[in-house]
Amino acid sequence: MIHPAPPHEGAVPPSLPPSTDIPVARPWGESSPNPAPEPTRSRRSLVMLAIVAVVVLLTAAGAVTGYLLTRPDEPRMAVGDCVSRDELPVEYACADDLAVYRVHAREPMQHPFALACMKFEKATRAVADPSPTDGETVLCLEPTEKNATDAGGLRPGDCIDVRKSGGEIERSTCGFTGGPHVVIATELHVKVPVTDRACESHPETREAYAQSSLGGRAVVICTKPAEDSDSMAGAFVGECASNVSMKTIACAHRSATHRVLSVRTQYTEPADPKCEEVTNANAASVSLNEHTDLRVVVCLGPIDQNHLGYARPGDCVTGYAGTAGLPRLVSCDDSSADGRVTSVYDEANIGCSAGEARMSREAGVSHGSTICLVAT
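Below is a summary of the structure that appears in this document. Note that the structure is a prediction, hence the values are computed from the model and not measured.

With respect to the overall build of the protein
For step 1, the next point in the chain: Looking only at helices and strands, the protein has 2 helices and 20 strands in total.
For step 2, the next point in the chain: Counting over 376 residues, the protein shows a buried share of 35%.
For step 3, the next point in the chain: The contacts of the protein with a sequence gap of at least 6 include a subset with a gap of at least 24, amounting to 50%.
For step 4, the next point in the chain: Carbon together with sulfur atoms contributes 56% to the accessible area of the protein, which is approximately 23000 Å² in total.

Have a look at this one:
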């Protein structure tokens, strides 16, 4: 058996060539004592990007903060916003039933507040801006369609209830008894009572009411009675009325006593005779309101359209020879015709020609009349 010779004293034992492929076992979790170094350039780039991002964010935040601190406060109640009617108005969505006013304008503070808003025709109320950040602004308010009692909020076609000679007005439902007035238009006048020809630009107006508004101005409501109204102010020529109630009534009704002969409006107190140029007028009705100067004068006459008072020269009559009551107008072809009208005068007690009969009406709401007739 051959045994290797023992190494000589001082000899160097042979070594393995160096290798990086031989794994070295280490306890679990123990890291290498010489980890591989990370790339220095990548770490430096990431740090720089992070620093730039932080600077940008801080700059943007500072700019926003500076804007928020220096920008002017937006008004809490801006033009177009809707509010309540409270002494200190509360803001509501304009669709809310409590939103009865709309901010029409914002004006610098004046005392009294109305002075700041008088230049706006639609403004009917002025209040101080209740915002705690303000206090130096007047809100000029206009009524919205939700406002049933401010005359400035009425629109043509609205129906209204009128109480206390127009001192109280409230929007109502059209077509129901109790809302007999239909709004034609509203007008702004200088003051109440109105003395500068209320509703003159709306000739169909039959009744005019006025309410005090901003700064003592007057909002005038030009109206006409509803179709089912029996008001004499809404009467039309040819309709009939009762002399007891002085309201319109069906001509066939047993209480009908008069027929409407004319309707006119004027802006002075109607002097007597109120119907001086209306043939056969024997009654008159005057509708007025103490807060406006509009007057509606209705002249009435006998309900019988064949009444002798409606005669014209050449008309024929029956009953000329009779002794009971006045003759009545008939067609000249009527076999009962026994008389003919020769003259008609709009004055009482005018003399007729010899051989003529005379019928005379004394002066009253007119100057009277005289009718001359002859037998046929």
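Quick look at the sheet that holds strand β15 (residues 295-302)
Backbone hydrogen bonds are what pair the strands of a sheet, in a parallel or an antiparallel way.
For step 1, the next point in the chain: One open sheet holds the 5 strands; their spatial order is β12-β11-β13-β15-β14, and the pairing between them is antiparallel. Each edge of the open sheet is held by one strand with a lone partner, namely β12 (248-249) and β14 (283-288).
For step 2, the next point in the chain: As paired strands, strand β13 (residues 258-266) and β15 are joined by 8 bridges and run antiparallel to one another. Within the sheet, the bridge partner assigned to V260 lies in β15 and is L300.

Side note on the environment of R171
For step 1, the next point in the chain: Within the fold, R171 resides in strand β7 (residues 168-172).
For step 2, the next point in the chain: Considered as a pair, R171 and V182 are 11 residues apart in the sequence and their alpha carbons are 9.8 Å apart.
For step 3, the next point in the chain: Excluding its chain neighbours within four sequence positions, the residues that come into contact with R171 are E145, N147, A148, G153, L154, D158, C159 and I160.
For step 4, the next point in the chain: Within the structure, R171 has its side chain in polar contact with the backbone oxygen of N147 (distance 2.9 Å).
For step 5, the next point in the chain: At 3.2 Å, the side chain of R171 forms a polar contact with the backbone oxygen of G153.

Here we look at the sheet that holds strand β3 (residues 101-108)
For step 1, the next point in the chain: Taken in spatial order, the 5 strands of this open sheet run β2-β1-β3-β5-β4, and their pairing is antiparallel. Strands with a single pairing partner mark the edges of an open sheet, and in this sheet they are β2 (91-92) and β4 (125-128).

Quick notes on the packing of aromatic side chains
For step 1, the next point in the chain: For the structure shown, the criterion picks out 0 aromatic pairs.
For step 2, the next point in the chain: In this structure, R206 packs its charged tip against the face of F236, placed 5.1 Å from the ring centre.

Digging into the pattern of salt bridges
For step 1, the next point in the chain: Scanning the entire structure with this criterion turns up 11 salt bridges.
For step 2, the next point in the chain: The salt bridge involving K119 is made with E107; its shortest N-O contact spans 3.0 Å. Of the two residues, K119 sits in the loop between α2 (114-117) and β4 while E107 sits in strand β3, which places them 12 residues apart along the sequence.
For step 3, the next point in the chain: For K119, a relative accessible area of 59% gives the class exposed.
For step 4, the next point in the chain: Close ionic contact of D272 with K274 constitutes a salt bridge, the shortest N to O distance being 2.7 Å.
For step 5, the next point in the chain: The class of D272 is exposed, set by a relative accessible area of 61%.
For step 6, the next point in the chain: Overlapping salt bridges, with partners in common, bring together R163, K164, E168 and E170 in one network.

A closer look at the state of the cysteines
Should the sulfur atoms of two cysteines be covalently bonded, the bond is a disulfide.
For step 1, the next point in the chain: Throughout the structure, instances matching the rule amount to 8 disulfides.
For step 2, the next point in the chain: Bridging C240 to C251, the disulfide has an S-S length of 2.0 Å. Torsion about the S-S bond of the C240 and C251 cystine: about 95 degrees, corresponding to right-handed handedness. Residue C240 is found in strand β11 (residues 240-241), and its partner C251 is found in the loop between β12 and β13; the two are separated by 11 residues along the sequence.

Notes on a negative patch on the surface
For step 1, the next point in the chain: Taken together, the side chains of E276, E277, D346 and E347 present a region of like negative charge at the surface.
For step 2, the next point in the chain: Note on placement: D346 falls in the loop between β18 (339-345) and β19 (357-361).

Looking at unusual backbone geometry
Leaving glycine out, the prevailing phi sign among residues is negative, and the prevailing peptide bond configuration is trans.
For step 1, the next point in the chain: For the peptide bond that leads from V192 to P193, omega is 0 degrees, which places it in the cis range.
For step 2, the next point in the chain: Within the secondary structure layout, P193 lies in the loop between β8 (181-189) and β9 (207-212).
For step 3, the next point in the chain: Here D272 and P273 are connected by a cis peptide whose omega angle stands at -5 degrees.
For step 4, the next point in the chain: Tracing the backbone shows P273 in the loop between β13 and β14.
For step 5, the next point in the chain: Here the phi dihedral of S165 falls at roughly 55 degrees; this positive angle occurs in a residue that is not glycine.
For step 6, the next point in the chain: Here S165 shows up in the loop between β6 (159-163) and β7.

Rules behind the numbers
- Residues numbered from 1 in each chain as written.
- Predicted model: local features only at pLDDT ≥ 70, side-chain atom pairs only at ≥ 80, totals over all residues.
- Heavy atoms only, no water.
- Helix = DSSP H or I, 4+ residues; strand = E, 2+ residues; numbered from the N terminus.
- Buried < 20%, exposed > 50% of the residue type's maximum accessible area, 1.4 Å probe, protein only.
- Contact = heavy atoms within 4.5 Å.
- Areas by Shrake-Rupley, 256 points an atom, 1.4 Å probe, with all protein chains shown as cover.
- Pairing = 2+ DSSP bridges.
- Polar contact = N/O pair within 3.5 Å; in protein donor to acceptor, adjacent residues only side chain to side chain.
- Phe/Tyr/Trp six-rings, centres within 6.5 Å; stacked < 30°, edge-to-face > 60°.
- Lys NZ or Arg CZ within 6 Å of the ring centre and 35° of its normal.
- Salt bridge = Lys/Arg side-chain N within 4 Å of Asp/Glu carboxyl O.
- Disulfide = S-S within 2.5 Å.
- Patch = residues over 30% accessible without salt bridge, like charges linked within 9 Å, V, L, I, M, F, W, Y side chains within 5 Å.
- Lys, Arg positive; Asp, Glu negative; His and termini not counted.
- Charge placed at Lys NZ, Arg CZ, Asp CG, Glu CD.

Distances and angles like these do not, on their own, reveal function.
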